[in-house]
Amino acid sequence: MTDRPSPPTSRERFLAACRRSWSGAPPAWVMRQAGRYLPEYRALREGRTFLEMVRTPELAAELTCQPIRRFDMDAAVVFSDILVPPVAMGLSVEFLAGHGPRLEPAVRSREAVERLHGFDPASETGFLAATLRAVREEIGSEKALIGFCGAPFTTASYMIEGGSSRSFEHTKAMMFGDPELFLELEGRLVEALLPYLAMQVEAGADVLQVFDSWGGALDAATYRRLVLPATRALVQGARASGVPVILYVNGGGHLLEVLLEAGADVLGIDWRVEPADAIARAGGRAALQGNLDPCVLFAPPAVVRAETERVLDAFAGQKGYVFNLGSGILPGTPVEGMEALARLLGRS
Ligand code: CP3
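Remember, it's a predicted structure, so these values are computed and weren't measured experimentally.

K.L.:
Could you clarify how one ought to interpret the packing of aromatic side chains in this entry?
P.N.:
Two measures describe an aromatic ring pair: the distance that separates the ring centres and the angle between the ring planes. Under the counting rule described, the total for this entry stands at nine aromatic pairs. With a centroid separation of 4.8 Å and 80 degrees between ring planes, the pair formed by Phe 50 and Phe 95 is classed as edge-to-face. With a gap of 45 residues between them, Phe 50 in helix α3 (residues 50-54) and Phe 95 in strand β2 (residues 92-96) connect regions that are remote in the sequence. Note on Phe 95: relative accessible area 30%, which makes it partly exposed.

K.L.:
What's the story with helix α10 (residues 169-177) in this structure? I'm lost.
P.N.:
Those residues of α10 that sit buried are Thr 171, Met 174 and Met 175. The buried residues of α10 occupy an angular sector of 100 degrees when projected down its axis, which confines them to one face. Along α10, exposed side chains directed more than 90 degrees from the buried face belong to Glu 169 and Gly 177. Packing partners of the buried residues in α10 comprise α9 (152-161), α11 (179-202) and α12 (220-239).

K.L.:
What should I look at first to understand the environment of Thr 9 in this one?
P.N.:
Tracing the sequence through the fold places Thr 9 in the segment before α1 (10-18). You can call Thr 9 buried: its relative accessible area is 18%. Along the backbone, Thr 9 and Ser 141 are 132 residues apart, and their C-alpha atoms lie at a distance of 8.6 Å.

Cut-offs and rules
Residues numbered from 1 in each chain as written. Predicted model: local features only at pLDDT ≥ 70, side-chain atom pairs only at ≥ 80, totals over all residues. Heavy atoms only, no water. Phe/Tyr/Trp six-rings, centres within 6.5 Å; stacked < 30°, edge-to-face > 60°. Helix = DSSP H or I, 4+ residues; strand = E, 2+ residues; numbered from the N terminus. Buried < 20%, exposed > 50% of the residue type's maximum accessible area, 1.4 Å probe, protein only. Arc of directions from axis to C-beta. Contact = heavy atoms within 4.5 Å.

Everything listed here is a matter of coordinates, which is why it stays silent on function.
Here it is, written out as structure tokens:
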């Protein structure tokens, strides 16, 4: 019998694309792929709080696997939240229906920054390691598993604002008014987040994504001066655990050159960035991930197919490309939209 090499698995294709050495059909996943648009998510959510689900490994693992079963994506992203570390550092977090998260007390003074404490990831966030292990048990070694955390700026903004924000006025007031204090807060975050990410790799994460979801609210010079050093330290420290790192920024088209300096393996971009422009500006220094407008999934299947093909064509021939939406899938997305996407990508 001749030994034919078996075709590469989803995990191998995903890792090769992150390392810019994959030339076949691109690996694909969807940010926030486990969530309220899925009826099986809503069924489990019934009568429970979001954080209860995050902290219960059997539930979190089940939720992580739901979109994999349904859409056969190449990667599972562990069901958790970027607001888990702020809780472990001493804040309280509540998710109020229709209002987004509320964090207390808001971190707006030196005393408040100094009250934040580091944490032992195994004892304070062991549920996340247990979830990753349970997911690996179910998906086996053929799918990629993604761990994540919020970037220093985005995490700091939730802590300083005490929740979501449009203008980030308290965050920017600290950045411009007391940059030393802001840098101190970011330093504490990087110190706490690195062991937290290392724990995720040890528990089975193949890739780490750093969400700088709101980094696009800053001008490039301010990002470079007050945010890049911490983002870079986090990305480089995470890479030292041996896995590729994806740095995702929403609305960060104007920051591309600055973000490349963080040295992530992959840069996640949103739909406002023209793929050809991103490819030219990245100049082979990072793989790219993105960037279908999540609202396309609300359109009829034929439009989902056409728009997805437009994105795939724009990135065709790139050795470092991971298909994704340009931001998280929206809670009201019709399942049919996601089904049309999965079918076009050759799944299910
Ligand atoms: O991608 C996945 O499937 C994994 C799970 C995941 C969640 N949050 C679950 C979640 C991930 C990767 C996140 C990251 C996250 N969390 C980000 C960055 C991603 C992005 O979209 O840019 C941010 C900004 C948060 C903070 C957060 N969590 C907010 C602002 C909210 C409330 C708003 C909302 O969407 O309801 C959450 C709650 C949250 N995180 C839900 C889920 C499934 C909804 C919880 C529910 O009510 O059922």
